[in-house]
Every structure is written in structure tokens, then in C-alpha cells.
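Below are the chains, spelled out letter by letter.
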Amino acid sequence: MSSPLSLHNKAWFLAVRVTPKASANEITGLYAGADGQVSLAVKVTAAPDKGKANKAVMEVLAAELGFPKSAFQLARGDTDRHKLFTFTGDGERLAERLV
């Protein structure tokens, strides 16, 4: 299985599949879509209303992966469950934490 983390033009990208309105905030593992795309599966208790779920996802990523919230910025998927975040930081260290 491939990684949800990729490097393009010196920028790190993290593919995430979000489940809003879950019972807990957590990273549940990897999700492989029918198209073969691998994403990090993240559940958040927040509803997908006015960016609340997106903010919650960044908080979960920061807390569980050990990076500041400012290291993650939403690049694509504002209203979609499939999101792409840019990551500013040590991509090698992030890759180790995703294993």
C-alpha cells in the first residue's frame, strides 16, 4: 500500500479522508479508495458546517502526529470528505509517524 504523503515540487502533501460527526476525534489508519488513492482516515466530532470539521481535522493531525497546527494548511477539498493538506515541516519525520 502506498503512502498518503507525497512530495511535489519541494512541497509535502497529505491526503486525508474525513468522517465528520463521529463519536471521537481520531486518526483511524489508512483508507484505500477504489481508484487506488491512499488517504489518512480521520474522524472528527465536528459537523461539516462553516469549516468547523476542517479546523477539527487540523487539530487532530497536529495533536496525534506531534506537529503544530500551523504546519497543516488545507489545499483542496474545503467541502469534500477527500482533502489535501500541504505540510510545512520535516516530511521524513511525518512519514515515520504515518507508519
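Below you will find a few notes about this structure. The shown structure was predicted, so the numbers you read here are calculated from the model rather than taken from an experiment. (Residues numbered from 1 in each chain as written. Predicted model: local features only at pLDDT ≥ 70, side-chain atom pairs only at ≥ 80, totals over all residues. Heavy atoms only, no water.)

Counting its secondary structure elements, the protein contains two helices and six strands. Along the protein, from the amino end to the carboxyl end, the secondary structure elements read β-β-β-β-α-β-β-α. Counting only C-alpha atoms and orienting by the principal axes, one finds that the protein spans roughly 30 × 30 × 20 Å. A buried classification covers 38% of the 99 residues belonging to the protein. Taking contacts inside the protein between residues at least 6 apart in sequence as the whole, the part at least 24 apart equals 49%. Charged side chains of the protein number 13 positive and 10 negative; the gap between the two group centres comes to 6 Å. (Helix = DSSP H or I, 4+ residues; strand = E, 2+ residues; numbered from the N terminus. Buried < 20%, exposed > 50% of the residue type's maximum accessible area, 1.4 Å probe, protein only. Contact = heavy atoms within 4.5 Å. Lys, Arg positive; Asp, Glu negative; His and termini not counted. Charge placed at Lys NZ, Arg CZ, Asp CG, Glu CD.)

The biggest cluster of nonpolar side chains holds 24 residues, and the ones touching the most others in it are Val 16, Leu 40, Val 42, Leu 61, Leu 65 and Phe 72. Those elements that place two or more of their residues in this core are β2 (11-19), β4 (38-43), α1 (52-65), β6 (82-87) and α2 (91-98). Per-element tally for this core: the top contributor is α1, with seven residues. Setting aside chain neighbours within four positions, we find Val 16 in contact with Ser 39, Leu 40, Val 42, Val 57, Leu 61, Arg 81, His 82, Lys 83 and Phe 85. (Core = buried A, V, L, I, M, F, W, Y, C linked by side-chain atoms within 4.5 Å.)

Let's shift gears to the pairing of β2. Sheet topology note: the strand β1 (residues 5-8)/β2 ladder contains four bridges and is antiparallel. The residue bridging Leu 5 from the neighbouring strand is Leu 14, located in β2. If you look at the hairpin formed by β1 and β2, you'll find two residues sitting between the two strands, and Asn 9 has a positive phi there, around 50°. Strand direction decides the pairing type here: β2 and β6, joined by six bridges, are antiparallel. Bridge pairing in β6 links Arg 17 to His 82. Summarising the sheet, β2 and β4 pair through four bridges and their orientation is parallel. From the neighbouring strand, Val 16 faces β4, where its bridge partner is Leu 40. (Pairing = 2+ DSSP bridges.)

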